[in-house]
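# Examination of the molecular architecture
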Amino acid sequence: MDLVTIIFYIFAAVIVISAAVVVFSKNIMYSAFSLLFTFFGVAAVYVLLNADFLALTQILIYIGGILVLIIFGVMLTTKITGVDIKTGITGKFQVGLTAFLAAVFFIVLAIMYSKVQWNVKSAKPLQDTITPIGHSLLTDYILAFEAASVVLLIAIIGAVMIARRKKS
Amino acid sequence: MNIGLTHFLILGAIVFCLGLYGIITRKNAIMVLMGLELVLNSANINFVAFAKYGGMNIDGQVAAIFVILLAACEAAVALAIILNIYQNYKHVNVDEIDKMKE
């Protein structure tokens, strides 16, 4: 067992356990805070995969942006004083059926992943990832980059328009 | 046994299935949103794993950046919609929002 293997298994355990807490916890605040550890674990996996810029982006956007937004959403839509902070689940039959389907889907995926002979090519060793990402964003992916900026603008305007209180 | 592509893919599959379970079984709209974030993260793990092992080099990481960007947009718009639902219904249970059915 070299160091990379140990680190991978530690962070994989963090991701899986905290994702399970997110999904199975009855208290929605516990779920929201457990999502924090999932995002950190995924960022650590990115570092293991030589994607340092992506790991920083993950921490900045997911933890600094999306998670804070989700926690705001939880606080704004639950009655803080009441006992309404628990979230219900659908009926027992649906839960069982969904768990069965998800398990079957995972088993199918796992068998498929282990059977397929991937054309594994070791990537070029990268000195840094920021420079190539910037180059490819402004050359190969310039159209997607511009479209993404328009999407961001529309999302900001749309979110403000939707969430605004109506003047009665 | 060295860590290879399959390890990361199976990690992604576990997170995907947990997210799928959360999306389908939860009533609260914010819980559905959290399950969605799990699914998007699992897709990102796959992209970056293929970027390292599948010879996609930097293209996989650029795709993951676009996924993160769309996740941010989606979270903002979805939470705006959820706040609007809360103002109208005083709850955010997605199975009880059925005014259009009548």
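Computed from a prediction, not measured in an experiment: that's the story for all the values here.

### Digging into the domain arrangement of chain A
Split by domain assignment, chain A resolves into domain 1 (1-96) and domain 2 (126-168). Each side of the interface is counted separately: domain 1 of chain A has four residues, and domain 2 of chain A has four residues.

### Comments concerning the environment of A:F8
Within the secondary structure layout, A:F8 lies in helix α1 (residues 3-24). Judged by local crowding, A:F8 falls into the partly exposed class, with 19 C-beta atoms found within 10 Å. Along the primary structure A:F8 and A:G41 are separated by 33 residues, whereas in three dimensions their C-alpha atoms are 9.7 Å apart. In this structure A:F8 touches A:L48, B:I3 and B:H7, once residues within four positions along its chain are discounted.

### Re the interface of chain B and chain A
Chain B puts 63 residues into the contact, and the matching count from chain A is 67 residues. Counting only elements with at least two residues in the side of chain B that touches chain A, the list comes to α1 (5-25), α2 (29-53) and α3 (58-89) of chain B.

### Structural notes on the environment of B:A63
Here B:A63 is to be found in helix α3. Spatially, the C-alpha atom of B:A63 lies 11 Å from that of B:N46, the residues being 17 residues apart in sequence.

### A look at the environment of A:L48
Residue and element names in this part refer to chain A. Mapped onto the elements of the fold, L48 is located in helix α2 (residues 28-48). Sequence spacing of L48 and I7 is 41 residues, and the spatial spacing of their C-alpha atoms is 8.5 Å. Sequence-distant contacts of L48, that is, excluding residues within four places in its chain, are made with V4, I7 and F8.

### Regarding the packing of helix α6 (residues 142-163) of chain A against α3(B)
Relative placement of two packed helices is described by the angle separating their axes and the distance separating the axes. Contact geometry for α6(A) and α3(B): axes closest at 8 Å, N-to-C directions at 15°. The angle between the axes of α6(A) and α3(B) places the two elements in the roughly parallel class. Crossing of α6(A) over α3(B) shows left-handed handedness. Residues A:A144, A:A148, A:V151, A:L152, A:A155, A:G158, A:A159, A:I162 and A:A163 of α6(A) form the contact with α3(B), whose own contacting residues are B:F66, B:L69, B:C73, B:A76, B:V77, B:A80, B:I81, B:L83 and B:N84.

### A word on unusual backbone geometry
In this structure, A:N50 is a non-glycine residue whose phi angle is positive, near 65°. Tracing the backbone shows A:N50 in the loop between α2 and α3 (52-77).

Conventions we followed
- Residues numbered from 1 in each chain as written.
- Chains lettered and ligands numbered in written order.
- Predicted model: local features only at pLDDT ≥ 70, side-chain atom pairs only at ≥ 80, totals over all residues.
- Domains from an automatic or database assignment.
- Contact = placed C-beta atoms within 7 Å.
- Helix = DSSP H or I, 4+ residues; strand = E, 2+ residues; numbered from the N terminus.
- Buried ≥ 20, exposed ≤ 12 C-beta atoms within 10 Å, placed from the backbone.
- Axes fitted to C-alpha atoms, helices over the stretch in contact; angles between N-to-C directions.
- Parallel < 35°, antiparallel > 145°, perpendicular 65-115°, else oblique.
- Left-handed = near helix turned anticlockwise from the far one by under 90°.

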